[in-house]
Amino acid sequence: MIHRVKIILYFLILGALPGCTLNLKAEPEIFVRFNQLGFTPNDIKTAVVLSTNNMEGRSISIIDAKSEKKVISILFGMNQGAYGNFPFTYLIDFSQIKNAGDYYFQYAKQKTFSFKISENVFDGLADSLLQFFRVQRCGYTNPFLHEVCHISDATSVIDGKQTIAKTIDVTGGWHDAGDYVKFLNTTAFSTYLLLFSYDFDSVKFGFDNNKNGIPDILEEAKVGLDWMLRCYYEKNKLVTQVQNLRDHDVGWRSPEDDPLGFDRPAFVGMGKNLIGIYSATMALASRIWSDKLKYPEFSNQCISAAENIYSIRNKVADVDSSGSGQYLDKKYEGKLALGAVELYMTTFKSSYLSDATTYADSANSDYWWSWGNINSLAHYRLAKFIPRFTDFIKNNLEVFNKNKNNNLFGKGTDISWGTNVTLLGVTLQNILYKKLTNDTKFDSVAVFQRDFILGRNPWGVSFISNIGKNFTINFHHQIAKIKGRLPGGFAAGPATKEFVDKSKIVFEKADKYAKFQTNESYYRDDRMDYITNEPTISGNATAIFVFGNLSSRK
């Protein structure tokens with residue numbers, strides 16, 4: 001009898017402890033990872049499930065959020081293998097659900113965030129991402145969330161090892177990331193992509209939210225163009241960077257309160273790589289300002305700058321190495337090919353097409369995407385005149401697709417610094433390839449990269465501010481910290497844990513995603529994490545092209 005009373009007391013005490021339960025038949029906790037924003041009706045729709053228990057033979061339901069009725073039950077299939085702390089993982093395909101509406105997953109009493117199925121589910125996302133550029137604006141450019149800043153750029157000139165005590169006007173442009181440094185390479189890349197987006201589809205990218213008669217994306221591109229024109233320092237020199245790494249040592253502050261605001265040097269340099277992206281951007285701008293905006297004076301200024309700088313390509317180094325060591329290209333052929341083909345499309349001079357063909361063949365497929373790996377843009381442009389260049393883009397996509405099939409979350413590339421940008425670059429290249437061929441064979445790899453960004457990832461986080469139900473909040477970005485928000489913020493995404501550890505970051509908060517981390521894929525939503533959680537203009541430019549093309553605007 002006494003023994004029996006002890007047993008009863010033991011269970012009563014156990015039931016009173018926090019987090020304990022007497023439900024011996026409790027279902028295991030699972031984590032469902034999916035695109036939190038949603039899908040179009042005919043989309044490929046998949047999710048990844050992480051579990052510490054074997055779920056094979058059990059089922060998960062998808063519920064209509066409005067009616068609360070079950071739409072479908074899906075059996076868990078074969079275990080896909082262990083992932084980090086989870087010995088069991090599963091893939092769910094629910095592409096058969098095509099009716100518009102709001103839905104969620106339910107397993108036992110566990111419910112997920114809701115997601116939407118709609119033709120216009122991606123509408124407005126590019127508009128939101130474009131807002132980030134307004135926050136990044138520098139100088140007298142009507143910036144958003146901060147005041148006019150850095151009005152004395154630049155206060156000296158650094159040419160090689162020589163510092164020249166003279167001022168030049170390189171005000172304007174955009175801060176590159178969470179800091180207040182400006183770079184020509186990423187500014188030119190970002191400006192080009194904004195222009196290219198509009199040129200690619202002037203309807204989808206023709207939104208004019210401030211209703212002034214000019215597409216917002218072209219207004220923003222003009223900020224980049226004006227600064228690039230100022231950066232044409234002299235005939236054989238470009239300003240490649242404004243401010244040095246001292247910017248990172250001052251502490252968190254608003255740009256108008258920068259103690260180095262009147263001590264910002266400009267680095268100058270030149271290389272075939274910079275000539276390529278610079279001339280490509282200016283040549284494309286020239287066509288748009290001539291044909292679309294009917295502003296011949298600015299159009300002429302742009303094409304003159306493009307041709308003049310392209311003309312010295314054989315007199316300069318292959319790759320520029322000026323500045324403080326950031327954003328240095330390894331090759332030049334792809335960018336110079338892009339410059340040549342854009343010049344051909346603007347001037348119709350056959351010598352430019354000949355140059356572009358030679359450079360693009362030499363560039364080959366680069367099997368990547370970043371501010372420094374944009375060969376596919378040149379191949380896309382050339383394929384309009386010489387169809388065989390489509391094959392270079394196809395080569396990339398075949399490798400991305402093979403990679404997709406070899407990892408749980410379907411990533412098309414390896415993890416690196418700036419992973420999210422590279423993943424969306426896979427989707428971007430599929431958009432280019434489909435435009436040329438109408439071939440849909442790589443749609444799955446393109447969709448998986450898109451969905452990874454929006455929540456189909458180990459942490460179940462949407463990497464875009466205010467998009468989805470669980471999104472990045474603590475960006476490594478000074479204005480975001482000061483103002484408490486970052487419209488259009490887009491986090492850089494996971495890196496390897498070893499890479500992050502080497503940076504010896506002192507994190508601000510405990511890791512809320514600790515149980516989902518692995519050595520191969522590591523992400524922190526922490527404002528101190530400049531590796532995985534910093535937004536950049538080049539990242540947003542890529543995302544704008546991808547999500548703008550997914551909009552329903554016609």
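No experiment lies behind these values; they were computed from the predicted model shown.

Conventions we followed
- Residues numbered from 1 in each chain as written.
- Predicted model: local features only at pLDDT ≥ 70, side-chain atom pairs only at ≥ 80, totals over all residues.
- Heavy atoms only, no water.
- Axes fitted to C-alpha atoms, helices over the stretch in contact; angles between N-to-C directions.
- Helix = DSSP H or I, 4+ residues; strand = E, 2+ residues; numbered from the N terminus.
- Parallel < 35°, antiparallel > 145°, perpendicular 65-115°, else oblique.
- Contact = heavy atoms within 4.5 Å.
- Nonpolar A, V, L, I, M, F, W, Y, C, P; charged D, E, K, R; others polar.
- Pairing = 2+ DSSP bridges.
- Buried < 20%, exposed > 50% of the residue type's maximum accessible area, 1.4 Å probe, protein only.
- 1 Å grid on protein atoms, 1.4 Å probe; cavity = no way out; pocket = protein on both sides within 12 Å on 5 of 7 lines; lining within 4 Å.
- Points joined across faces, edges and corners; volume = space filled by probe spheres on them.
- Salt bridge = Lys/Arg side-chain N within 4 Å of Asp/Glu carboxyl O.
- Phe/Tyr/Trp six-rings, centres within 6.5 Å; stacked < 30°, edge-to-face > 60°.
- Disulfide = S-S within 2.5 Å.

## Thoughts on the packing of helix α9 (residues 375–383) against helix α11 (residues 419–437)
For the pair α9 and α11, interaxial distance at closest approach is 11 Å and the crossing angle is 10 degrees. Between α9 and α11, the interaxial angle falls into the category roughly parallel. Seen from α9, the contacting residues are Ser376, Leu377, Tyr380 and Ala383; seen from α11, they are Gln429, Leu432, Lys435 and Leu436. For the contact of α9 with α11, the residue count by class is five nonpolar, two polar and one charged.

## Focus: the sheet that holds strand β2 (residues 38–39)
Strand order in the open sheet formed by five strands is β2-β8-β7-β4-β5, and the pairing between neighbours is mixed. Edge positions in the open sheet fall to β2 and β5 (70–75), since each of these has one partner strand only. As defined by bridge partners, strand β7 (residues 101–107) adjoins strand β8 (residues 110–117) across six bridges and the pair is classed as antiparallel. Residue pairing across strands places Gln106 opposite Lys111, the latter belonging to β8.

## Digging into α9
Of all nine residues that make up α9, nine are buried, and the element is covered over most of its length. The complete set of buried residues in α9 reads Asn375, Ser376, Leu377, Ala378, His379, Tyr380, Arg381, Leu382 and Ala383.

## Examining the layout of surface pockets
Counted as a void, the second largest pocket has a volume near 710 Å³. If you trace the second largest pocket, you find 24 residues lining it, with Thr40, Asp43, Lys434, Asn549 and Leu550 closest to the centre. Every element with two or more residues in the lining of the second largest pocket is listed here: α11 and α12 (443–453). Residue contributions to the lining of the second largest pocket peak at five residues, all from α11.

## Quick notes on the pattern of salt bridges
The tally for this structure, following the rule as stated, stands at 29 salt bridges. Arg253 serves as the salt-bridge partner of Asp258, at 3.1 Å between the closest nitrogen and oxygen. Judged by relative accessible area, Arg253 falls into the buried class, the value being 8%. Between Asp511 and Arg524 there is a salt bridge, with its nearest N and O atoms 3.6 Å apart. In this pair, Asp511 sits in the loop between α14 (497–502) and α15 (537–549) while Arg524 sits in the loop between α14 and α15, placing the two residues 13 residues apart along the sequence. Note on Asp511: relative accessible area 21%, which makes it partly exposed. Of the residues examined, Arg524 reaches a relative accessible area of 7% and is grouped as buried.

## As for the packing of aromatic side chains
Each aromatic ring pair is specified by the distance between its two centres and by the angle formed by the two planes. For the structure on display, the rule yields 42 aromatic pairs. Note on Phe31 and Phe86: the rings are 5.6 Å apart at their centroids and 70 degrees apart in plane angle, and the pair reads as edge-to-face. Note that Phe31 is positioned in strand β1 (residues 30–33) and Phe86 in the loop between β5 and β6 (88–93), a separation of 55 residues in sequence. The class of Phe31 is buried, set by a relative accessible area of 15%. By relative accessible area, Phe86 is classed as buried at 4%. When the centroid spacing of 5.6 Å and the interplanar angle of 90 degrees are considered together, the rings of Phe39 and Phe94 count as edge-to-face. One end of the pair, Phe39, is in strand β2; the other, Phe94, is in the loop between β6 and β7, with 55 residues separating them in the sequence. Both residues of the pair, Phe39 and Phe94, belong to the buried class. Members of the aromatic cluster, connected to one another through ring pairs, are Phe34, Phe39, Phe94, Tyr103, Phe105 and Phe115.

## Observations concerning the environment of Ala283
Structurally, Ala283 is set in helix α5 (residues 272–291). Discounting residues that sit within four places of it in the chain, Ala283 has contacts with Ile303, Ala306, Glu342, Leu343 and Thr346.

## Notes on empty space enclosed by the protein
Summed over the entire model, instances satisfying the criterion amount to one cavity of 30 Å³ or more. Approximately 90 Å³ is the volume attributed to the largest cavity. Contributing to the lining of the largest cavity are Phe183, Asn185, Thr240, Gln241, Asn273, Leu274, Asp320, Ser322, Gln326, Tyr327, Leu328 and Asp329. When residues of the lining of the largest cavity are traced back to their parent elements, those giving at least two are β12 (238–242) and α5. Residues belonging to the lining of the largest cavity are distributed by class as follows: four nonpolar, six polar and two charged.

## Some remarks on the state of the cysteines
This model, assessed by the stated rule, comprises zero disulfides. Left without a disulfide partner, Cys138 is nearest to the cysteine sulfur of Cys149, which lies 4.0 Å away. In this structure Cys138 comes out as buried when scored by relative accessible area, which is 0%. Free of any disulfide, Cys302 has its nearest neighbouring cysteine sulfur in Cys231, separated by 14 Å.

## Considering the sheet that holds β6
Ordered in space as β1-β3-β6, the three strands form an open sheet in which the pairing is antiparallel. For this open sheet the edge positions go to β1 and β6, each flanked by a neighbour on one side alone. When strand polarity is set aside, the average angle formed by the axes of neighbouring strands in this sheet is 20 degrees. In the sheet, strand β3 (residues 46–51) pairs with β6 via six bridges, with the strands oriented antiparallel. Its bridge partner lying in β6, Leu50 is registered against Thr89.

## Quick word on the side chain of His150
Of note, His150 is situated in the loop between α2 (125–136) and β9 (156–159). A residue is classified by how much of its surface remains accessible, and His150, at 4% relative accessible area, is buried. The contact partners of His150, leaving out residues within four places of it in the chain, are Cys138, Thr171, His175, Tyr180, Pro255, Asp258, Gly261 and Arg264.

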